[in-house]
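# Fold and geometry: a report
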Amino acid sequence: MAPPVSGGENPYAERLFVVSSAEELARAAAGRLWGIVRERAAVLARGGRPVSVIHVALSGGETPRRTYEILSAEPYRARFPWERVHFYQVDERWVPPGDPRSNRTMLRETLFSRAPVPESNVHCVDTGFPGPSVGARRYEEALRAAFPVPPGGFPRFDAILLGIGEDGHTASLFPGRPETAVGGAWVVASEGGEPPVPRVTLTIPVLSAAAQVVFLVSGAKKARALYGVLSGDPALPASRVSPSRGKVTFLADEPAASLAIRKGGGGSR
Ligand code: 6PG
């Protein structure tokens, strides 16, 4: 992967990695996910816990499609420890199961049906329930069964892959919406965005509890939002993801990073 954006006064050094194109971005993201999983598997093996699993939450939308396709093909297909990795959804649009707008459908088409992912390792939001509030509750119950944490705690995903919308949203947490406020919930029903359907989403504290958060940002239309998030604009939900015991990385292509590079005083190498 490319080194971080350079520049003496660059405030984003060590956090923002810029590559030249959307295809390079997808390759960098697949490599980054593979690297996190490989490292985690090595740590678990050293601790003599060969049966421990690795928890990864994946976003929907358009940007990560190619990343998932790359992960499900060689060389990752043969190397990735599919049996040990459990996959979760960051968010889902409240549409019928199988609907083309569903993030689960996208994940199935690009990753779960292509790679040797055991069915029991896939944990998705079930939109067959009567409404998004019930769906959110059921998804949270499934997460609580998978992550036994003390009352008041939050699950610690090994990796969460996030996108950023043009309005600065992340997951299905939209600017100005009450769901973006921090509470004790792990999963909530939410509103906003395109397509204009209700959503079910992980909350800010869950995103911030992850060991590794990777934002994937592509295209000039995202330049303003990425710059705002890197600058810490509190109005943007993506800015509020701040792992206290983890690491956040932004992977961007040059068009998406253009404003951050210009204003940050650095340049891609
Ligand atoms: C969704 C996503 C969402 C996404 C951003 C960026 O349901 O749309 O999970 O949070 O990550 O909207 O989406 P794009 O990659 O399509 O721009």
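These lines cover the structure that appears in this document, whether it is placed above or below. Everything quoted here is computed from the prediction, not taken from an experiment.

Time to look at the site of the ligand. As a matter of local geometry, the ligand sits amid 13 residues, with Thr-63, Asp-91, His-169, Ala-171 and Lys-222 nearest to it. One nitrogen or oxygen atom from the side chain of Asn-103 is found 2.9 Å from an oxygen atom belonging to the ligand. Backbone polar atom of Ala-171 to an oxygen atom of the ligand: 2.4 Å apart, as the coordinates give it. By residue class, the composition of the shell around the ligand is two nonpolar, six polar and five charged.

Ranked by size, the top nonpolar core spans 42 residues in total, and within it Leu-143, Phe-157, Ile-164, Leu-202, Phe-215, Leu-226 and Phe-250 carry the most contacts. Dropping the residues within four chain positions of it, Ile-164 is found in contact with His-169, Phe-215, Leu-216, Val-217, Lys-222, Ala-225, Leu-226, Val-229, Ala-238 and Phe-250. One finds Phe-87, Leu-107, Leu-111 and Ala-115 within the second-largest nonpolar core, a separate group that totals 37 residues.

A few words on unusual backbone geometry. The peptide bond linking Glu-74 to Pro-75 adopts the cis configuration, its omega dihedral lying at 10°. On the secondary structure map, Pro-75 appears in the loop between helix H2 (65–71) and helix H3 (76–79). The step from Glu-194 to Pro-195 runs through a cis peptide bond, and the omega angle for that step is -10°. Here Pro-195 shows up in the loop between strand S7 (187–190) and strand S8 (199–202).

Our focus in this paragraph is helix H7 (residues 223–230). Of all eight residues in H7, six are buried, a share of seventy percent or more. Of all the positions in H7, only Ala-223, Ala-225, Leu-226, Gly-228, Val-229 and Leu-230 are classed as buried. Against strand S1 (16–19), strand S9 (212–217), strand S10 (247–253) and helix H8 (254–264) lie the buried residues of H7. Phi for Gly-232, located one or two positions after H7, is positive at around 85°.

Here we take up the sheet that holds S8. Spatial strand order, S4-S8-S7: three strands in an open sheet with antiparallel pairing. Two strands close off the open sheet at either side, each with one partner strand: strand S4 (91–93) and S7. Sheet twist, expressed as the mean angle between neighbouring strand axes with direction ignored, is 20°. Bridging between S4 and S8 involves three bridges; their strand directions are antiparallel. Each bridged residue has a counterpart across the sheet, and for Arg-93 the counterpart in S8 is Arg-199. Running over the sheet, helix H5 (residues 132–146) touches S7 and S8 and is turned about 160° from S7.

Taken N-terminus to C-terminus, the directions of H7 and H8 make an angle of 50°; their axes are 7 Å apart at the nearest point. Viewed along their axes, H7 and H8 adopt a mutual orientation that is oblique. Between H7 and H8 lies a crossing whose hand is right-handed. For the pair H7 and H8, contact is made by Ala-223, Arg-224, Leu-226, Tyr-227 and Leu-230 and by Pro-255, Ala-256, Ala-257, Ser-258, Leu-259, Ala-260 and Lys-263, respectively. A per-class count over the contact of H7 with H8 returns nine nonpolar, one polar and two charged.

Taken as a whole, this structure holds ten aromatic pairs when the rule is applied. Aromatic side chains Tyr-88 and Phe-157 sit 5.2 Å apart centroid to centroid with 80° between the ring planes, which places their arrangement in the edge-to-face category. In this pair, Tyr-88 sits in strand S3 (residues 85–89) while Phe-157 sits in the loop between H5 and strand S6 (159–163), placing the two residues 69 residues apart along the sequence. Of the two residues, Tyr-88 and Phe-157, neither departs from the other in class, the shared state being buried. In this structure an aromatic cluster arises from ring pairing among Trp-34, Tyr-76, Phe-80, Trp-82, Phe-87 and Phe-112. Over the aromatic face of Trp-186 sits the side chain of Arg-144, whose NZ or CZ is 4.0 Å from the ring centroid.

This next bit is on the sheet that holds strand S5 (residues 122–123). Within a sheet, each strand pairs with its neighbour through backbone hydrogen bonds, oriented either parallel or antiparallel. Strand order in the open sheet formed by seven strands is S1-S10-S9-S6-S2-S3-S5, with parallel pairing between adjacent strands. Edge positions in the sheet fall to S1 and S5, since each has one partner strand and no second. In the sheet, strand S2 (residues 54–58) pairs with S6 via two bridges, with the strands oriented parallel. Residue Ala-57 lies in a different strand from S6, and its bridge partner there is Ile-160. Of the strands in this sheet, S1, S9 and S10 touch H7, which is tilted by about 155° from S10. Relative to the sheet, H8 contacts S1, S9 and S10, its axis offset from that of S10 by approximately 115°.

How each quantity is defined
Residues numbered from 1 in each chain as written. Predicted model: local features only at pLDDT ≥ 70, side-chain atom pairs only at ≥ 80, totals over all residues. Heavy atoms only, no water. Near = heavy atom within 4 Å. Polar contact = N/O pair within 3.5 Å; in protein donor to acceptor, adjacent residues only side chain to side chain. Nonpolar A, V, L, I, M, F, W, Y, C, P; charged D, E, K, R; others polar. Core = buried A, V, L, I, M, F, W, Y, C linked by side-chain atoms within 4.5 Å. Buried < 20%, exposed > 50% of the residue type's maximum accessible area, 1.4 Å probe, protein only. Contact = heavy atoms within 4.5 Å. Helix = DSSP H or I, 4+ residues; strand = E, 2+ residues; numbered from the N terminus. Pairing = 2+ DSSP bridges. Axes fitted to C-alpha atoms, helices over the stretch in contact; angles between N-to-C directions. Parallel < 35°, antiparallel > 145°, perpendicular 65-115°, else oblique. Left-handed = near helix turned anticlockwise from the far one by under 90°. Phe/Tyr/Trp six-rings, centres within 6.5 Å; stacked < 30°, edge-to-face > 60°. Lys NZ or Arg CZ within 6 Å of the ring centre and 35° of its normal.

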